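# Descriptive structure summary
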Amino acid sequence: MKKINIAISGCLGRMGQQLIKSLRSNKNFKLVTLTENKIFNKKIAGIKLNLNTDEAFKDTDVIIDFTVPNCTLDILKIASKQKKRVVIGTTGFSQKEEVLIKNFSKKIPILKAGNMSLGVNLLMYLTEVASKSLNDEYLSKVFEVHHKYKKDYPSGTALMLGKGIADGKNKNLYNLIGKKFLNKKNFPYGKKINFNSIRKGEIIGEHEVTFSSGKEIIKLNHEAFDRALYSDGALTAAKWLINKKPGLYSMRDLLNFK
């Protein structure tokens, strides 16, 4: 089988470094391009770091992007011109930016996930099932913990879980987002979905969805111990995307959750 040429955008970030590490032991891929949003006069794995340009991505089959929203959109402009596939692990997009991504997906295959973990995507599916099964007497909220360096909150995963709650009720997530708390010991339920984000230490990721009727509480949770589960998921997504037509896909499509 021909190896898949991979580009990593945001290669100096935590996920970028983990992807490089995971690629070393994966025989399905060949790392051909590493990019950052400013010039660095250095090499990693024998590859010189580039800016996000047409030239940088010309030999790439799939671009894996863990950066920031404005950088992701610049990459999608290049990818759509060159007909490259893109795996997006970046989070923190606005509603307007989400629409732009959907427009790009009409030209190229894109797999976008707030979290690349199999377990987290199963958690989202179970959240949707629970939300659909429980009546409006049950209020819900989402709690998450990440390392102190993570800037956006709620996390992309927390918003994925919020979407699971919303989808279960056949409602739009943006109409159900309630209050967004940061570093609170306790936070309330509301008529909408409230979120609480903790930023501390080196924690990779903890997420919990809670439903309460006032008479009982139902909790669904997930804890990540190794960042490799995200890079492994991203590489699985890259391989899966190779044979796909233009469209906007998710890990749920890859995992075939109905």
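Before going into details, it helps to say that this report is about the structure given with it. In this text, all values refer to a predicted model and were calculated from it rather than measured experimentally. Here the residue numbering is sequential within each chain, running from 1 through the sequence in written order. Per-residue local features of the predicted model are confined to residues with pLDDT of at least 70, and side-chain atom pairs are confined, for both listing and counting, to 80 or more; whole-chain, interface and lining totals are unaffected and use all residues. No hydrogens and no water enter the side-chain calculation; it runs on all heavy atoms of the structure.

## Overview of the sheet that holds strand E10 (residues 193-199)
Here is the rule we go by: Any two strands with at least two DSSP bridges between them are considered paired. To qualify as a helix, a DSSP run of H or I must reach at least 4 residues; to qualify as a strand, a run of E must reach at least 2; elements of each kind are numbered from the N terminus. To get an axis, fit a line to the C-alpha atoms, keeping to the stretch in contact for a helix; angles then go from 0 to 180 degrees between the N-to-C directions.
Within the open sheet, the five strands sit side by side as E9-E10-E8-E11-E12. Their pairing is mixed. Only two strands of the sheet have a single neighbouring strand rather than two, namely strand E9 (177-182) and strand E12 (217-224). For this sheet the average axis-to-axis angle between neighbouring strands, irrespective of direction, equals 15°. As defined by bridge partners, E9 adjoins E10 across four bridges and the pair is classed as parallel. In the sheet register, Phe-181 faces E10, and the bridge partner there is Asn-196.

## Here's the deal with the nonpolar core
For soluble globular proteins, nonpolar side chains are generally found buried alongside one another. The line we're drawing: What makes a nonpolar core is a set of buried Ala, Val, Leu, Ile, Met, Phe, Trp, Tyr and Cys residues whose side-chain atoms join them at distances within 4.5 Å. Remark: exposure states derive from per-residue accessible area (1.4 Å probe, protein chains only) relative to the maximum for the residue type, with buried under 20%, exposed over 50%, and partly exposed in between. Contact definition: two residues touch when any of their heavy atoms are within 4.5 Å.
Formed by 32 residues in total, the largest nonpolar core has its most connected members in Ile-6, Ile-8, Leu-34, Ile-64 and Leu-111. Secondary-structure elements contributing two or more residues to this core are strand E1 (4-9), helix H1 (14-24), strand E2 (29-35), strand E4 (47-50), strand E5 (62-65), helix H7 (228-241) and helix H8 (251-255). Among the elements that take part in this core, H7 stands out by supplying six residues, more than any other. Setting aside chain neighbours within four positions, we find Ile-8 in contact with Gly-16, Leu-19, Ile-20, Leu-23, Leu-31, Thr-33, Leu-34, Thr-35 and Ile-64. Judged by nonpolar contacts, the second largest core, of 20 residues, contains Leu-123, Val-142, Leu-161 and Leu-220.

## Structural notes on a positive patch on the surface
The cut-off we apply is this: Put simply, a patch holds well-exposed residues, over 30% relative accessible area, that have no salt bridge, with like charges counted together within 9 Å and Val, Leu, Ile, Met, Phe, Trp or Tyr side chains within 5 Å. In this description, accessible areas are obtained by the Shrake-Rupley approach with a 1.4 Å probe, and a residue is regarded as covered only by the protein chains that are shown. Each reported salt bridge corresponds to a side-chain nitrogen of Lys or Arg within 4 Å of a carboxyl oxygen of Asp or Glu. His is not counted here, nor are the chain ends, while Lys and Arg score as positive and Asp and Glu score as negative. Charge positions come from single atoms, namely NZ of Lys, CZ of Arg, CG of Asp or CD of Glu.
There is a patch of like positive charges on the surface, built from Lys-2, Lys-3, Lys-27 and Lys-30. With respect to the secondary-structure elements, Lys-27 resides in the loop between H1 and E2. With a relative accessible area of 73%, Lys-27 lands in the exposed category.

## So, the side chain of His-147
Here His-147 lies in the loop between strand E8 (139-146) and helix H5 (156-168). When residues no more than four places from it in sequence are discounted, the contact partners of His-147 are Arg-14, Arg-199, Lys-200, Gly-201, Glu-202, Ile-203 and Arg-227.

## What about the pattern of salt bridges?
Pairing between side chains of opposite charge can happen when the charged atoms of each approach one another. The final tally for this structure, using the stated rule, is ten salt bridges. Residue Arg-252 is joined to Glu-128 by a salt bridge in which the shortest nitrogen-to-oxygen separation is 2.5 Å. One end of the pair, Arg-252, is in helix H8; the other, Glu-128, is in helix H4 (residues 118-133), and 124 residues separate them in sequence. Across the pair Lys-215 and Glu-137 runs a salt bridge whose closest N-O atoms are separated by 2.8 Å. Within this pair, whereas Lys-215 is found in the loop between strand E11 (205-212) and E12, its partner Glu-137 is found in the loop between H4 and E8, the two being separated by 78 residues in sequence. Judged by its relative accessible area of 39%, Glu-137 is partly exposed.

## Quick word on H7
Put simply, the rule is: Multiplying one less than the number of residues by 1.5 Å gives the expected span of a helix.
When the terminal C-alpha atoms of H7 are compared, their 20 Å separation across 14 residues agrees well with the 20 Å that a helix rising 1.5 Å per residue should span. Buried residues of H7: Ala-228, Tyr-230, Ser-231, Gly-233, Ala-234, Leu-235, Ala-237, Ala-238 and Leu-241, and no others.

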